[in-house]
Amino acid sequence: MTQRIERLREKLKEKGLAAILIMQPENCRYLSGFTGTAGALLIDRQKCYLLTDFRYLEQAAAECPGWEVREIKESTFETVAGLLPPDNAGALACEGDYLTHRQFNDLRDKLSGIAELAPLNGLVEELRQVKEPAEIENLRRAAELADHAFWYILDFIRPGVREREVALELEFFLRRKGARKVPFDFIVASGPRGALPHGVASEKILQPGELVTIDYGAEYQGYYSDLTRTVSLGPPDPKQREIYTLVREAQAAGLKALRAGVKASDVDRAVREVIAAAGHQENFRHSTGHGVGLAVHEGPRLSKKDETVLQAGMVVTIEPGVYLPGWGGVRIEDMAVVEEHGCRLLTRAPKEELITCR
Ligand code: ZN
Ligand code: ZN
């Protein structure tokens, strides 16, 4: 944690800022280790304050050694104003992309005569992109749990079951095995619904001969995993096989392109070229992947536009899909750690062949 604060202070110094107020929950957790849901961090050149209300005082003191824990009595911003020295030597940075307009105005009013406000975007998020070994280990554990759930759910997926039951069964399994939360509403999209890239589980009943795409994830120590597999209900027909093979090859191309020093957009292009060569560019419209960490969707984005140069230690998904309206779709998603000369998969659920459920 100390190193993270040092890196943040360096960035503030570069920008000529005296202090920063952090309120975004994952950013708070990343910098302080605090897992409570109500809190804010005020970091200046010398001190680190953790502000929280009476419910979390004990927890904050236990989780965040080295932080000066202060109780929020009136309001967070009142407390912040009280902690800034009157002769404050510069502007206070805040999370411009997190604070609401009302919060920003309120904070500015409270600080009038004390400090200027400097909204910044993505400062801590940028630090979070490159993971430390302990973070990668947490992500690996979250990925392992998702893999484990895949083997479990294969036995449950069969014609006659509702999509929502599959999603629920997955969630029960993951929580029983230790996940404290799940990252999003799970996607279970069967038959023609598979053409919806974001087909959250519905009341639809699975039918023989359909493909089923499941997209879900687990949690370990605050870190998430994100995994997608498409399976078939009964022996696949030639077209199902063909689209599945295409998506698998596109994903393989993405994993092959993934390494330190390449741009996020280059990995996206490697995937997109395979799909375009088969004439399906119009049927793959979302980006290729995203970073995963304390948030299930974080930077970098592996998209056409993201020029981020990938660094060793970034953890990203590669998740191409082909979606044919009226027919259905296939998506395959894995998480991988970017390394100097390649990448290392964190999710290991099988994908070489289209898996057939009863
Ligand atoms: Zn996913
Ligand atoms: Zn994803």
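This text goes with the structure placed above it.
Residues numbered from 1 in each chain as written. Chains lettered and ligands numbered in written order. Predicted model: local features only at pLDDT ≥ 70, side-chain atom pairs only at ≥ 80, totals over all residues. Heavy atoms only, no water.

A. Focus on the packing of aromatic side chains. Counting across every chain of the model gives five aromatic pairs. Geometrically, the ring pair formed by Tyr-152 and Phe-173 is stacked, given 4.5 Å between the ring centres and 20 degrees between the ring planes. With a gap of 21 residues between them, Tyr-152 in helix H7 (residues 133-154) and Phe-173 in helix H8 (residues 163-176) connect regions that are remote in the sequence. Tyr-152 sits in the partly exposed class, given a relative accessible area of 29%. Take Phe-173: its relative accessible area is 4%, and that puts it in the buried class. With 6.0 Å between their ring centres and 75 degrees between their planes, Phe-184 and Phe-186 make a pair best called edge-to-face. (Phe/Tyr/Trp six-rings, centres within 6.5 Å; stacked < 30°, edge-to-face > 60°. Helix = DSSP H or I, 4+ residues; strand = E, 2+ residues; numbered from the N terminus. Buried < 20%, exposed > 50% of the residue type's maximum accessible area, 1.4 Å probe, protein only.)

B. Focus on the sheet that holds strand E19 (residues 356-357). Ordered by their spatial adjacency, four strands build an open sheet running E7-E8-E11-E19, and the pairing between neighbours is mixed. Two strands in the sheet have a free side with no partner beyond their single neighbour: strand E7 (187-190) and E19. Taken together, the six bridges between strand E8 (residues 211-216) and strand E11 (residues 227-233) define a ladder with antiparallel strand orientation. Counterpart to Val-212 in the pairing with E11 is Val-231. (Pairing = 2+ DSSP bridges.)

C. Region of interest: the side chain of Ser-265. Position of Ser-265 relative to the elements: it lies in helix H10 (residues 264-277). Here Ser-265 falls in the buried class, since its relative accessible area comes to 8%. Beyond its immediate stretch of four places on either side in the chain, Ser-265 contacts Ser-303, Lys-304, Asp-306 and Glu-307. (Contact = heavy atoms within 4.5 Å.)

D. Seen up close, the coordination of the zinc ion (ligand 1). The coordination sphere of the zinc ion (ligand 1), as far as protein atoms go, consists of Asp-215 (OD), Asp-215 (OD), Asp-226 (OD) and Glu-333 (OE), spread over 2.0 to 2.6 Å. Mapping the donors of the zinc ion (ligand 1) onto the primary sequence yields the spacing D-x10-D-x106-E. Separating the zinc ion (ligand 1) and the zinc ion (ligand 2) is a distance of 3.1 Å, and Asp-226 donates to both of them. Of the two residues, Asp-215 sits in strand E8 while Asp-226 sits in the loop between strand E10 (223-224) and E11, which places them 11 residues apart along the sequence. The same class applies to Asp-215 as to Asp-226, namely buried. (Donors = N, O, S within 2.8 Å, 3.2 Å for Na, K, Ca; no water.)

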